[in-house]
Amino acid sequence: MDREIAVRTRGLVKSYGNVQALRGLDLEVREGEIYGYLGPNGSGKSTTIRCLLDLIRPQAGLVRVLGLDPQAKPVEVRLKVGYLPGELHLDENLTGQTSLRFFNELRGRAAECAYIDELAGRLKVDLGRPIRNLSHGNKQKIGLIQALMHRPQLLLLDEPTKGLDPLMQQEVLELLREAKEGGTTVFFSSHVIGEVEALAERVAIIRQGVVVEVAEIDALRARAIRRAHVRFKQPVDGARILDLPGVQLLSQDDDSAMWLQVRGDMDVLVKTLAQFPVADIETQRPSLEEIFLAYYQSDHEEA
């Protein structure tokens, strides 16, 4: 296996009874990148991560994590990985500090106490309190610390900012950027479009257990629909503009202004508009949310 690939799956299939969660999933995450895994609840995100750690086993397909087969070497894989599950369960009778000490013992005391304290300070969580007395958000912070504290080669995070307030969400994203700068590969699943857009370098969109798109964020936006509002200095005949490939009229205020929808490259439209007396042009880039919803539109229509 290519050592530059941190995570690879081929033809991954996993079913729960009659429900097929993964339907031949192909995935490839490069070492040192931040990779967003985007999909709604029930699309197969958590199942994928659990298969990567051999917490559950697929019925078919290949899985490699950091060059290792997690089914053959599960302990070795987990020592190199920081994992935050989507449904975090901690011993409610332990304090945060005792819980983290337990995880550190399991990993051969790989984490430094000073770094654990630094993470707790940045996330503003009291490690001396019993976990049963912590809010959902503070329990999530304990989970994040245990995933980060041993500076793993790979982070597998399932909805990492769930239950956190907006300021703390930003702190978590900053911690993940810093981990990446330190050489860690970050693979995180989410249905929060904004955090994927803010953090990920590449994104995979999963639909009904299959990855339907893998692209860099900017490339994904570039292929999507844009909107343009054009105002002219005087009334014009816009027929030549509307004949352009990929250009569609959304609305027209009068002969001096129009809203256009543009698929693909804007270059042809811009060059054509240069032949008209344009007073102003305003374009709106699509958000990742609009792109994401476009992939799932047919599912909603079927429903």
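Higher on the page you've got the structure.
Residues numbered from 1 in each chain as written. Predicted model: local features only at pLDDT ≥ 70, side-chain atom pairs only at ≥ 80, totals over all residues. Heavy atoms only, no water.

1. Focus: the overall build of the protein
Scanning the protein from terminus to terminus reveals eleven helices and 13 strands. For the protein, the share of sequence-separated contacts (at least 6 apart) that also reach a separation of at least 24 residues comes to 69%. Surface summary for the protein: the accessible area is close to 14,900 Å², and the carbon and sulfur share equals 47%. Side-chain charges in the protein split into 38 positive and 44 negative, and the spacing between the mean points of these groups amounts to 5 Å. (Helix = DSSP H or I, 4+ residues; strand = E, 2+ residues; numbered from the N terminus. Contact = heavy atoms within 4.5 Å. Areas by Shrake-Rupley, 256 points an atom, 1.4 Å probe, with all protein chains shown as cover. Lys, Arg positive; Asp, Glu negative; His and termini not counted. Charge placed at Lys NZ, Arg CZ, Asp CG, Glu CD.)

2. Focus: the packing of aromatic side chains
One pass over the structure, following the stated rule, counts four aromatic pairs. Their ring planes at 15 degrees and their centres at 5.7 Å tell us that Tyr35 and Phe187 sit as a pair that is stacked. Pair noted here: Tyr35 is in strand 3 (residues 34–38) and Phe187 is in strand 7 (residues 185–190), with a separation of 152 residues, a long-range link. Taken individually, Tyr35 and Phe187 each receive the classification buried, so the pair is uniform in this respect. Connected via pairs of aromatic rings, a cluster forms that spans Tyr35, Tyr37 and Phe187. In this arrangement the basic side chain of Arg151 is found over the ring face of Tyr115, its NZ or CZ atom lying 3.7 Å from the centre. (Phe/Tyr/Trp six-rings, centres within 6.5 Å; stacked < 30°, edge-to-face > 60°. Buried < 20%, exposed > 50% of the residue type's maximum accessible area, 1.4 Å probe, protein only. Lys NZ or Arg CZ within 6 Å of the ring centre and 35° of its normal.)

3. Overview of the layout of surface pockets
In this structure, the largest pocket spans a volume of roughly 450 Å³. Together, 15 residues line the largest pocket, and Arg78, Tyr83, Phe103, Arg107 and Gln146 are the ones closest to its centre. For the lining of the largest pocket, the element with the highest residue contribution is helix 2 (residues 74–80), accounting for three residues. Partitioned by chemical class, the residues of the lining of the largest pocket number eleven nonpolar, two polar and two charged. (1 Å grid on protein atoms, 1.4 Å probe; cavity = no way out; pocket = protein on both sides within 12 Å on 5 of 7 lines; lining within 4 Å. Points joined across faces, edges and corners; volume = space filled by probe spheres on them. Nonpolar A, V, L, I, M, F, W, Y, C, P; charged D, E, K, R; others polar.)

4. Let's talk about the pattern of salt bridges
In this structure the tally under the stated criterion is 17 salt bridges. For Arg202, the salt bridge is made with Glu33, and the minimal N-O distance between the two is 2.7 Å. Here Arg202 is found in strand 8 (residues 202–207), whereas its partner Glu33 is found in the loop between strand 2 (19–30) and strand 3, with 169 residues between them in sequence. Under the relative-accessibility criterion, Arg202 is labelled buried at 11%. Residue Glu33 is classed as buried on the basis of its relative accessible area of 5%. Between Arg122 and Glu118 there is a salt bridge, and its shortest N-O distance comes to 4.0 Å. (Salt bridge = Lys/Arg side-chain N within 4 Å of Asp/Glu carboxyl O.)

5. Considerations on the sheet that holds strand 3
Overall, mixed pairing links the six strands, which are arranged 5-6-7-3-8-9 in an open sheet. Since the sheet does not close on itself, it has two edges, and those belong to strand 5 (81–84) and strand 9 (210–216), each with one partner. In this sheet, neighbouring strand axes are inclined to one another by 15 degrees on average, regardless of whether the strands run parallel or antiparallel. When strand 6 (residues 154–158) meets strand 7, the two strands line up parallel, connected through five bridges. Along strand 7, the bridge assignment pairs Leu154 with Thr185. (Pairing = 2+ DSSP bridges. Axes fitted to C-alpha atoms, helices over the stretch in contact; angles between N-to-C directions.)

6. A closer look at the nonpolar core
Among the nonpolar cores identified, the biggest contains 39 residues, and Leu127, Ile145, Leu155, Leu176 and Phe188 are the most heavily contacted of them. Elements supplying a minimum of two residues to this core: strand 3, helix 4 (113–123), helix 5 (136–148), strand 6, helix 6 (166–181), strand 7, helix 7 (193–199) and strand 8. Looking at this core, the element that brings in the most residues is helix 6, giving six residues. (Core = buried A, V, L, I, M, F, W, Y, C linked by side-chain atoms within 4.5 Å.)

7. Some details on the side chain of Thr161
One can find Thr161 in the loop between strand 6 and helix 6. Classification of Thr161 as buried rests on a relative accessible area of 4%. Ignoring any residue separated from it by four or fewer positions in sequence, one finds Thr161 in contact with Gln140, Gln169, Val172, Leu173 and Glu195.

8. Quick word on helix 1 (residues 45–52)
Side chains that are three or four residues apart share a direction in an α-helix, a result of its 3.6 residues per turn. In terms of residue burial, helix 1 counts as a mostly covered element, since six of its eight residues are buried. Turning to helix 1, its buried residues are Lys45, Thr47, Thr48, Ile49, Cys51 and Leu52. Phi for Asp54, located one or two positions after helix 1, is positive at around 60 degrees.

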